[in-house]
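Fold and contact review
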Amino acid sequence: MKKILREILNTSLYLLGVLCLVYLVIHFVGQRTQVQGSSMEPALSEEDNLIVDKLSYRFHDPERFDIIVFPFLQQEETFYIKRIIGLPGETVQIDEEGNIYVNDELLDEGYGKEVIADPGRAIEPVELGEDEYFVLGDNRNNSVDGREPSVGNIRRENIIGRAWLRIWPLSKFGIIRHR
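Note that the structure is predicted; figures quoted are calculated from it, not measured.

1. Focus on the pairing of strand 3 (residues 67–71)
Burial analysis of strand 3 places four of its five residues in the buried class, which makes it a mostly covered element. Two strands pair when backbone bridges link them, and strand 3 and strand 11 (residues 161–168) are joined in this way by two bridges, in the antiparallel orientation. Counterpart to Ile 68 in the pairing with strand 11 is Arg 162.

See below:
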């Protein structure tokens with residue numbers, strides 16, 4: 001009887017330890033997320049399953065062109081995945097031809113699937129605060145992003161993490177390229 005109780009206790013402690021470890025990894029290191037919609041095509045597609053790196057931004061700030069995950073503050077339990085275009089303290093503007101300017105200099109980037117048809121609120125200069133980022137989807141004409149007032153500038157504290165690894169579909173398995 002004593003041996004059975006000891007085995008039950010050991011097994012229970014082992015399972016508790018595993019659960020604590022899983023909780024710590026999910027809460028502080030990484031988590032799985034699924035892409036919904038086409039706003040990040042061609043880089044990411046509908047129903048791609050990703051692992052989000054939640055740890056690296058504890059040691060360094062997000063960088064231009066990083067693909068990040070953040071909550072959509074207008075709807076509970078909704079998360080967006082977009083590419084960082086503007087960094088803290090910068091000014092972002094998109095002209096009527098779809099050109100993106102950061103601090104009045106044309107941004108050299110090739111992530112957009114197409115020319116931006118609607119610059120949204122970025123038709124006027126968007127000044128970013130000391131902890132704010134401007135984001136766009138790669139599928140620029142099919143993306144709700146920083147051009148929309150409902151999304152706006154993304155505060156550093158709201159960034160959950162950086163898209164790191166695509167785990168599904170298996171045919172596309174691999175590290176996600178940001179640059």
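That shown, we press on.
2. Some words on the side chain of Arg 83
Mapped onto the elements of the fold, Arg 83 is located in strand 4 (residues 79–86). A relative accessible area of 1% means that Arg 83 is categorised as buried. Reaching out from Arg 83, the side chain makes a polar contact with the backbone oxygen of Phe 65 at a distance of 2.9 Å. For Arg 83, the side chain forms a polar contact with the side chain of Asp 138, separated by 2.7 Å. Arg 83 has contacts with Met 40, Ala 43, Phe 65, Asp 66, Ile 67, Tyr 111, Phe 134, Val 135, Leu 136, Asp 138 and His 178, leaving out every residue within four places of it along the chain.

3. Focus: the packing of aromatic side chains
Scanning the entire structure with this criterion turns up three aromatic pairs. Ring plane angle 75° and centroid distance 6.0 Å describe the contact between Phe 70 and Tyr 80, whose orientation is recorded as edge-to-face. Within this pair, whereas Phe 70 is found in strand 3, its partner Tyr 80 is found in strand 4, the two being separated by 10 residues in sequence. Just as Phe 70 is buried, Tyr 80 falls in that class too. Relative to Tyr 80, the ring of Phe 72 lies with its centre 4.7 Å away and its plane at 10°, an arrangement referred to as stacked. In this structure, Phe 72 and Tyr 80 share a single accessibility class: buried. The ring of Tyr 80 has Lys 82 lying over it, and the distance from NZ or CZ to the ring centre is 5.2 Å.

4. Focus: the nonpolar core
Ile 85, Val 92, Ile 94, Ile 100, Leu 107, Phe 134 and Leu 136 are the most contacted members of the largest nonpolar core, which totals 14 residues. Among the elements of the structure, strand 5 (91–94), strand 6 (100–102) and strand 9 (132–136) are those that each provide at least two residues to this core. Not counting residues up to four positions away in its chain, the partners in contact with Val 92 are Gly 86, Ile 100, Tyr 101, Val 102, Glu 124, Pro 125, Val 126, Leu 128 and Phe 134. Core analysis: the next-biggest nonpolar cluster, separate from the first, contains 12 residues, Phe 72, Leu 87, Val 151 and Ile 159 among them.

5. A short note on the pairing of strand 11
In terms of strand pairing, strand 2 (residues 49–53) meets strand 11 through five bridges, oriented antiparallel. In the sheet register, Ile 51 faces strand 11, and the bridge partner there is Leu 165. Pairing analysis gives two bridges linking strand 11 to strand 12 (residues 174–175), with the strands arranged antiparallel. The residue of strand 12 that forms the bridge with Leu 165 is Ile 175.

6. Quick notes on the pattern of salt bridges
For the coordinates displayed, the defined rule picks out nine salt bridges. A salt bridge links Arg 162 to Asp 66; the shortest N-O distance between them is 3.6 Å. Taken as a pair, Arg 162 in strand 11 and Asp 66 in the loop between strand 2 and strand 3 lie far apart in primary sequence, 96 residues in all. The salt bridge partner of Glu 109 is Arg 140, with a shortest N-O separation of 3.1 Å. One end of the pair, Glu 109, is in the loop between strand 7 (105–106) and strand 8 (126–127); the other, Arg 140, is in the loop between strand 9 and strand 10 (154–155), with 31 residues separating them in the sequence. Residue class for Glu 109 comes out partly exposed when judged on its relative accessible area of 22%. Residues participating in the shared-partner salt-bridge network are Asp 131, Arg 155 and Glu 157.

7. Some remarks on the sheet that holds strand 5
The antiparallel open sheet is built from four strands, whose spatial order is 7-6-5-8. In this open sheet, the two edge strands, each paired with only one partner strand, are strand 7 and strand 8. Where strand 5 meets strand 8, two bridges bridge the pair, whose relative direction is antiparallel. Paired with Val 92 across the bridge in strand 8 is Val 126.

Rules used in this analysis
- Residues numbered from 1 in each chain as written.
- Predicted model: local features only at pLDDT ≥ 70, side-chain atom pairs only at ≥ 80, totals over all residues.
- Heavy atoms only, no water.
- Buried < 20%, exposed > 50% of the residue type's maximum accessible area, 1.4 Å probe, protein only.
- Helix = DSSP H or I, 4+ residues; strand = E, 2+ residues; numbered from the N terminus.
- Pairing = 2+ DSSP bridges.
- Polar contact = N/O pair within 3.5 Å; in protein donor to acceptor, adjacent residues only side chain to side chain.
- Contact = heavy atoms within 4.5 Å.
- Phe/Tyr/Trp six-rings, centres within 6.5 Å; stacked < 30°, edge-to-face > 60°.
- Lys NZ or Arg CZ within 6 Å of the ring centre and 35° of its normal.
- Core = buried A, V, L, I, M, F, W, Y, C linked by side-chain atoms within 4.5 Å.
- Salt bridge = Lys/Arg side-chain N within 4 Å of Asp/Glu carboxyl O.

Take it as geometry only, folks, not as evidence of what the structure does.
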